Amino acid sequence: MTSPLAVGGNRARWEDLPQSVHAVIEQAAGARVIGAVSQPGGFSPAMASVLTLADGHTVFAKAVTEERSEYAAAAIRREADILAGLPPQVPSPALIWGGDHIDEAGDWAIMVTEAVDGWTPAQPWQPDELRRFLDAATVLADSLTPAPFHAPALAEDADFAENWADLTHPRQAELAELEFGWAAATEGDALLHGDLRADNFLLTTTGFVVVDWPAACLGARWLDLIVSLPSVAMHGGGDPEALWSAHPLSREPDPAAVDAVLAGLAGYFLARAAEPPVPLLPTLRDFQRAQGEVALRWLSGRRHWS
């Protein structure tokens, strides 16, 4: 069975946006838009396109109405705030403009950043690109510890700590007990990207850039790596335990903390996968289920469950 890719499938396009939104983006970019290429990755119904300008430059823009998706609109606003606060040493897109616009179509959230001259890693993973991705987790951890500004703490997110009571599994009681340790295991003073995956990672000729920052939060500095590994394993990157144990960041947490995080991740993804489909995002539940199954197998191997 082919693992689902992180592709939502219902993005708005530049040509779908009203002229008033075009005008806002063009004013922010400083020139007229003469071409647009929609970006397929991620799970959002928002417009997300690289725009070619009449002066020869390119920018990247996101836009969506609250009527189309309150979640996506909030994410765009949140990401603009995060990008504005990231220090210059963090490999992230430079924010050009972020704000709201109201017209007859609704209340728009809009963000314009620099366009990154890069490419997403091949899926299945190729060894050199995977190595660069894994190395990037250390760069992020070093660049963002301590956090440069306040953000929500992952340890306080109850979505990751209260799922196994409602899921069926032969080890349900043990999983619920492990999951209870989520808060203590994830506590830390690093700013995390919160959603590090191949589709949020661009390789460049000189390094890398991490994009799509609305899930940024505070936590232990090794969490971005461990949260990314189920999706890496899904797409041919190898055994997640082998990748984890070979990485320098794996030396930092207690093994019990790792187990608690994996129990929380597996419970979160499997519980979300059991919920009704999300309008405009038909592949999201399959993607969540696949990540949950990988996280659970990983944890089972660590615990030597039969």
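Residues numbered from 1 in each chain as written. Predicted model: local features only at pLDDT ≥ 70, side-chain atom pairs only at ≥ 80, totals over all residues. Heavy atoms only, no water.

Considering the nonpolar core
Then comes step 1: Ranked by internal contacts, the top residues of the largest apolar core, which has 71 residues, are Trp213, Trp222 and Ile226.
Then comes step 2: Counting residues per element, this core draws most heavily on helix H8 (residues 255–273), which supplies twelve residues.
Then comes step 3: Apart from the residues within four sequence positions on either side, tryptophan 213 is in contact with Glu79, Ile82, Leu83, Leu86, Val90, Ser92, Pro93, Leu140, Leu144 and His193.
Then comes step 4: Ranked by size, the runner-up nonpolar core spans 18 residues in total, among them Ala12, Met47, Ala61 and Val112. (Core = buried A, V, L, I, M, F, W, Y, C linked by side-chain atoms within 4.5 Å. Buried < 20%, exposed > 50% of the residue type's maximum accessible area, 1.4 Å probe, protein only. Helix = DSSP H or I, 4+ residues; strand = E, 2+ residues; numbered from the N terminus. Contact = heavy atoms within 4.5 Å.)

Quick notes on the packing of aromatic side chains
Then comes step 1: All told, the structure shown has seven aromatic pairs when counted by the stated rule.
Then comes step 2: Considering the side-chain rings of phenylalanine 133 and phenylalanine 201, the 5.1 Å spacing of their centres and the 80° angle between planes classify their relative orientation as edge-to-face. With phenylalanine 133 in helix H3 (residues 127–143) and phenylalanine 201 in strand E7 (residues 201–203), this pair connects stretches of sequence that are 68 residues apart. Comparing phenylalanine 133 with phenylalanine 201, the two get one shared label, buried.
Then comes step 3: Measuring from centroid to centroid gives 5.3 Å for phenylalanine 201 and phenylalanine 208, while their planes differ by 25°, and the two rings are stacked. Each member of the pair phenylalanine 201 and phenylalanine 208 is classed as buried. (Phe/Tyr/Trp six-rings, centres within 6.5 Å; stacked < 30°, edge-to-face > 60°.)

With respect to helix H2 (residues 70–85)
Then comes step 1: Compared with the 22 Å implied by 1.5 Å per residue over 16 residues, the 23 Å span of H2 between its first and last C-alpha is a close match.
Then comes step 2: Along H2, the residues that are buried comprise Ala72, Ala73, Ala75, Ile76, Glu79, Ala80, Ile82 and Leu83.
Then comes step 3: The secondary structure elements touched by the buried residues of H2 are strand E3 (58–65), strand E4 (95–103) and strand E5 (106–114). (Expected span 1.5 Å × (residues − 1).)

Quick look at the pairing of E4
Then comes step 1: Here eight bridges tie E4 to E5, and the two strands are oriented antiparallel to one another. Bridging across to E5, glycine 98 finds its partner in methionine 111.
Then comes step 2: Taking the residues between adjacent antiparallel strands as the criterion, E4 and E5 are bridged by two residues. (Pairing = 2+ DSSP bridges.)

Observations concerning the sheet that holds strand E1 (residues 33–38)
Then comes step 1: A sheet is described by the order of its strands in space; here five strands give the open sequence E1-E2-E3-E5-E4, paired in antiparallel fashion. Unpaired on one side and paired on the other, E1 and E4 mark the two borders of the sheet. Going from strand to strand, the sheet's axes swing by 25° on average, the running direction of each strand aside.
Then comes step 2: Bridge count between E3 and E5: seven bridges; the pairing is antiparallel. Counted as the bridge partner of valine 59 is glutamate 114 from E5.
Then comes step 3: Helix H1 (residues 19–29) contacts E1, strand E2 (47–53), E3, E4 and E5 of the sheet and is inclined by roughly 155° relative to E4.
Then comes step 4: Of the strands in this sheet, E3, E4 and E5 touch H2, which is tilted by about 35° from E5. (Axes fitted to C-alpha atoms, helices over the stretch in contact; angles between N-to-C directions.)

None of the figures reported here should be taken as evidence of function without further support.
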